Each structure stands twice: as structure tokens, then as C-alpha cells.
Amino acid sequence: MPTTTTTTTTVGGTTTTVTETTSAASPAAADGVAAAAPSLTEEEQEALKNWSIMSGPGRSSAWAPTSLEVPEDPVGPQGFGKGVLLVERPPKGVAIPKSCVKIVDRPLPKECAPGTAIVKNELISMEPSHRIWMSAADQYMPAIGLNTIVRGFTVGTVIMTSDESKLKVGDQVTTLGGVQEYTTVTFETDLGVFVNPVAPGVPVTLNMSLFSVAAGFTAWVGMKQICQPKAGETVVVSGGAGAVGSIAGQLAKAAGARVIGIAGSDAKVKFMTEEFGFDVGINYKTADVAAELRKACPKGIDCYYDNVGGETLNIVMGQMALYGRICACGGIQSYLDAGTGTMQAQGPSNITNIIIMRLTMRGFICLDHASAIPEAMGELGALMAAGKMNVREDIREGGVDAFIDTVNLLYTGGNTGKLMLRLV
């Protein structure tokens, strides 16, 4: 069982909890708290390998048609209690204004409708994609419909059910439950797609980080199936202290690669090198990134896991080694440009290096690889048990009213690790 160290601070009425989940061979935490020596039992490792979340063949069109197929979701997550309703799309060039949403409150029924269950949400995952989902830009899922509840991955507990053979009261599940206190689950359409049991034998918060589709699985697909680093190769990860980048970099280390991480503060550089085991960390806000990469990668960059796009991609593209691989996972440097149309991210000025250096650059959406989830979860669990995977979680506590302030931390660099909102 992994060990979790939690630090909670309250400043100006806002409560922040930073959680670090460590494993047997972990280095000391950055704040000086030594890691304990936890492990997963063989049974727990096997359970993770056989975990059945979304293990069907390929992408489900019900889960993720593109916005070209279905421009927006006119229904959104259904539920009760307080919820965050999208009432207008965020303008280009800014984070998400509070004026874009409205808090609604719907009474909780005494019993659920036939064919459904009601889940009390406890954790809501904050995603960089929230800014895109709330816009009308072209995207990999339908945009959130106006006057519907904002989309979001959640962990919660079943409190009512119409069929105990489907879901029992007390079951803990992950859902695409939205930013609301209670979610309605429809058995016919949701089970095995939108609703799944939590990962067995691990702290429940890891369902929003290491064992989530949006973080751990995304890191695994990009690093293992696209970058495919080999022992002795050089790997660069942008957003290296974030939820996805920190896991991706540790996967590369486990493969024997040398890893350079890029992040936006000295504290995050320290996390990358001391907690996640990266060989080099670069603060892009204070350092000359191009010069630091030339120093750290004198023979060029074999693999680049790109979470940010923009100028960082431009710099790395100019230093790729022959036959290098680039995994295009995210482009947060352009997400604030998502407004009412297509995002106009500036492309690399040296794009012809793809030809000259015989590079491979591939974008992906993790849901297209859903059949590999059991394999990925088994490997991530085994790495944690072996002391080769640490996770840092940034848990903000409050009601759904705190959603905008919390999610906007992703666009200002105010979070450390996987950001989530705990409903209290």
C-alpha cells in the first residue's frame, strides 16, 4: 500500500492540501519529509492489471466524438445539489472569468429513478482541457453546451440505487460526473464507459492522478506508445512538474533514459529533480531554455513529450536528434486563445527539421487507446510498488463555488502536481 504524506495550509480562508504519494525507493520529499517504505501486495498489483475500466476495443464514439461530428453536448452531466452551469463562453486571451458560469442548486430527491443511481461526488479533477471544453473551438469532444453543467472527472460514493446488482450503496466509483455535488448515473449508457469502480488497493486520490485516464494513462500512452524511449536516450518533458509530465518523465527514467524537465518555477525544478528523479530541471521563466538544453543535451534530443506547444516546441524542434520522436500531448500555451473558433497556435518556425532530421511527430487522444488501460494501470502500479513512481497531488478544499478560482491555477502555474477540488 503506498504511503501518503499530506500537508494542509490555510491562507486567507482558502485551504490547500498538497499530497505526496511515495514508494519504497523514493528519495526524500522536497520539504525534507523522508519517504516511507510502502508497497503494493501481489494481489493488489494483479487487481490493477485486471482492472476493467473502459477496456473495450478502441474509442467509444459515445464517449468522445470530435466537435466536428457533434459540435456541443446539449445535455451535460445530470445531477442534483449545487452545480456549475456554463452560461457563456470564455473570451480569447484570458483565463476563465467567473461571469461565464452560474451556481445552481437542485434539491436531492428521496429516491432515484428506475435504471439509475445517484453518486455523491467527493473529488473533482481540474483539467487544462476545461478551458477548451468551455470554448467553441474545434476539439476532440463536443464542447460543453451552454446552460449545462460543466464537464469534469469525479470520484464519489453511491448513495442511492435502483438496482443493487448494477451499483450498490457505498460503492466508490469514478465518473464523468461534472462539477456538481451529486451525479445521476444511468445504467444502460454509463456503466463501463462513464462510470467505473475505483482502482483497488490504493489511496482514493490516486484515481484522479496516477490511476486516472487524464493523467497516468495519458502519460503512459504518450511515453510508452509514441516516444518509446530506450536506455541511454535523452528525453525532454515540458510541463515536467505537472500531473502528466511528472509521470511521463518517471516512465522514461524507468526505461533507462536520461530525462530533462522544463517547468515554471525553481520550486517545480526542485520537485522534478528531487521527487521525480529527473536528471536536469530547467525553469523556463528565468533560464535561457535553448542554451540550457544545448548544455544538457549535447548530442540532441531523442524524445520530446510536449505538454505546452508554443515557443518551447519551437526551441526543442531545433535541437532534436536524428530519427527523434515528438509526442504532442498538450498545448497549454495556446489554450487561452480558445474562444469562439479554431485555436490559432503559432507553429514551429523550423518545422522543416521534421524532414531534415527524419523526425516523427504524433498527436494523440488517450481515449483512442482505451483497450490498453489494463496494461497501463498494471505497469504504473508495479512501478509504484518498486519505488520508481512518485505522485504529487494539489488538493484544494471547498464547494463547487471554488471551481473557477481552482481551475484557473492551471493557467497561471499556481498548482504543484495534479490539481483537484475536494468537496466539503
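Predicted model only: the values in this text are computed from it and were never measured.

**Concerning helix H11 (residues 373–385)**
Since there are 3.6 residues in each turn of an α-helix, residues three or four apart along the chain are aligned in direction. With 13 residues, H11 extends 18 Å from end C-alpha to end C-alpha; this agrees with the ideal 18 Å at 1.5 Å per step. Summarising burial for H11: 10 of the 13 residues are buried, a large majority. Phi turns positive, to about 80°, at glycine 387, one or two residues after H11.

**Looking at the pairing of strand E9 (residues 172–175)**
Here strand E8 (residues 154–161) pairs with E9 via four bridges, running antiparallel. Across the sheet, valine 155 pairs through a bridge with threonine 174, a residue of E9. Sheet topology places E9 next to strand E11 (residues 195–197); three bridges connect them, and they run antiparallel. The partner of threonine 175 across the bridge, within E11, is valine 195.

**Quick word on the state of the cysteines**
This model, assessed by the stated rule, comprises zero disulfides. Distance from the sulfur of cysteine 303, which forms no disulfide, to the nearest cysteine sulfur (cysteine 227) is 4.9 Å.

**Quick look at the environment of glutamate 42**
Along the chain, glutamate 42 falls in helix H1 (residues 42–49). Judged by its relative accessible area of 67%, glutamate 42 is exposed. C-alpha separation for the pair glutamate 42 and alanine 385, spaced 343 residues apart in sequence, amounts to 9.5 Å.

**Details of the packing of helix H4 (residues 213–227) against helix H5 (residues 243–254)**
Where H4 meets H5, the axes come as close as 8 Å, and the angle between the chain directions of the two elements is 45°. In this view, H4 runs oblique relative to H5, as classed from their interaxial angle. Of the two elements, H4 crosses H5, and the hand of that crossing is right-handed. Contact with H4, carried on its side by Ala214, Ala215, Gly216, Thr218, Ala219, Trp220 and Met223, involves Ala243, Val244, Ile247, Ala248, Leu251 and Ala252 of H5 and no other residues of that element. A class-by-class count of the residues in the contact of H4 with H5 yields 11 nonpolar, two polar and no charged.

**What to know about the sheet that holds strand E16 (residues 320–328)**
Here six strands make up an open sheet; going across it, the order is E14-E13-E12-E15-E16-E17 and the pairing parallel. Whereas interior strands pair on both sides, the edge strands pair on one side only; in this sheet they are strand E14 (280–283) and strand E17 (360–363). This sheet shows a mean twist of 15° between the axes of neighbouring strands, independent of strand direction. Sheet analysis places strand E15 (residues 301–306) next to E16, joined by five bridges and oriented parallel. Counterpart to isoleucine 301 in the pairing with E16 is methionine 320. Across the sheet, helix H8 (residues 310–317) is in contact with strand E12 (234–238), strand E13 (258–263), E15, E16 and E17; its angle to E15 comes to roughly 170°.

**Focus: the packing of aromatic side chains**
Geometry of an aromatic ring pair is reported as the spacing of the ring centres plus the angle between the planes. Evaluation of the coordinates by the stated rule reveals three aromatic pairs. A ring pair is formed by phenylalanine 217 and tryptophan 220, whose centres lie 6.2 Å apart and whose planes are at 15°; its orientation type is stacked. Here tryptophan 220 and phenylalanine 217 lie together in helix H4, a separation of three residues that amounts to about one turn. In this pair, the class of phenylalanine 217 matches that of tryptophan 220, namely buried.

**Side note on the nonpolar core**
What tends to happen in soluble globular proteins is that the nonpolar side chains get buried as a cluster. Ranked by internal contacts, the top residues of the largest apolar core, which has 45 residues, are Leu210, Phe217, Met223, Leu251 and Tyr305. Counting residues per element, the ones that place at least two in this core are H4, E12, H5, E13, helix H6 (266–275), E15 and H11. The element that contributes the greatest number of residues to this core is H4, accounting for eight residues. Once residues lying within four places of it in the same chain are set aside, the contact partners of methionine 223 are Gln228, Pro229, Val235, Val237, Ala248, Leu251, Ala252 and Tyr305. Counting 31 residues, the second largest nonpolar core, distinct from the first, contains Val155, Leu410, Tyr411 and Leu421.

**What about the pattern of salt bridges?**
Inspection of every chain in the model, using the stated rule, returns 11 salt bridges. Residue arginine 392 pairs with glutamate 275 through a salt bridge whose shortest N-O separation is 2.8 Å. Of this pair, arginine 392 sits in strand E18 (residues 391–398) while glutamate 275 sits in helix H6, and the two are 117 residues apart along the sequence. For the pair formed by arginine 392 and glutamate 275, the shared burial category is buried. The salt bridge partner of aspartate 394 is arginine 396, with a shortest N-O separation of 2.7 Å. You can call aspartate 394 buried: its relative accessible area is 1%.

**Comments concerning the packing of H5 against H11**
The angle between the axes and the distance between the axes are what describe a pair of packed helices. Following both chains from N to C, one finds H5 and H11 inclined at 75°, their axes separated by 12 Å at the closest point. The pairing of H5 with H11 is recorded here as roughly perpendicular in orientation. Here H5 contributes Ile247, Leu251 and Ala254 to the contact with H11, which in turn contributes Glu379, Leu380 and Leu383.

**Some thoughts on the side chain of histidine 130**
Locating histidine 130 in the fold gives a position in helix H2 (residues 130–133). Those residues in contact with histidine 130 that sit more than four places away from it in its chain are Ser125, Val150, Arg151, Gly152, Phe403, Val407 and Tyr411.

**What to know about the environment of lysine 285**
Turning to its location among the elements, lysine 285 is positioned in the loop between E14 and helix H7 (289–296). Between the C-alpha atoms of lysine 285 and serine 265, which are 20 residues apart in sequence, the distance is 7.0 Å. With sequence-adjacent residues up to four places away left out, lysine 285 is seen in contact with Gly264 and Thr412.

**Topic: the confidence of the model for the chain**
On average, residues of the chain score 86 in pLDDT, and 82% of them are at 70 or above. In the predicted structure, residues 24–38 sits below a pLDDT of 50 and forms 36 contacts with residues beyond four places in sequence or in another chain. Within the model, pLDDT remains below 50 along residues 52–63, and this stretch shows 37 contacts once partners closer than five positions in the same chain are excluded.

What counts, and at which threshold
- Residues numbered from 1 in each chain as written.
- Predicted model: local features only at pLDDT ≥ 70, side-chain atom pairs only at ≥ 80, totals over all residues.
- Heavy atoms only, no water.
- Helix = DSSP H or I, 4+ residues; strand = E, 2+ residues; numbered from the N terminus.
- Expected span 1.5 Å × (residues − 1).
- Buried < 20%, exposed > 50% of the residue type's maximum accessible area, 1.4 Å probe, protein only.
- Pairing = 2+ DSSP bridges.
- Disulfide = S-S within 2.5 Å.
- Axes fitted to C-alpha atoms, helices over the stretch in contact; angles between N-to-C directions.
- Parallel < 35°, antiparallel > 145°, perpendicular 65-115°, else oblique.
- Left-handed = near helix turned anticlockwise from the far one by under 90°.
- Contact = heavy atoms within 4.5 Å.
- Nonpolar A, V, L, I, M, F, W, Y, C, P; charged D, E, K, R; others polar.
- Phe/Tyr/Trp six-rings, centres within 6.5 Å; stacked < 30°, edge-to-face > 60°.
- Core = buried A, V, L, I, M, F, W, Y, C linked by side-chain atoms within 4.5 Å.
- Salt bridge = Lys/Arg side-chain N within 4 Å of Asp/Glu carboxyl O.
- pLDDT = per-residue confidence, 0-100.

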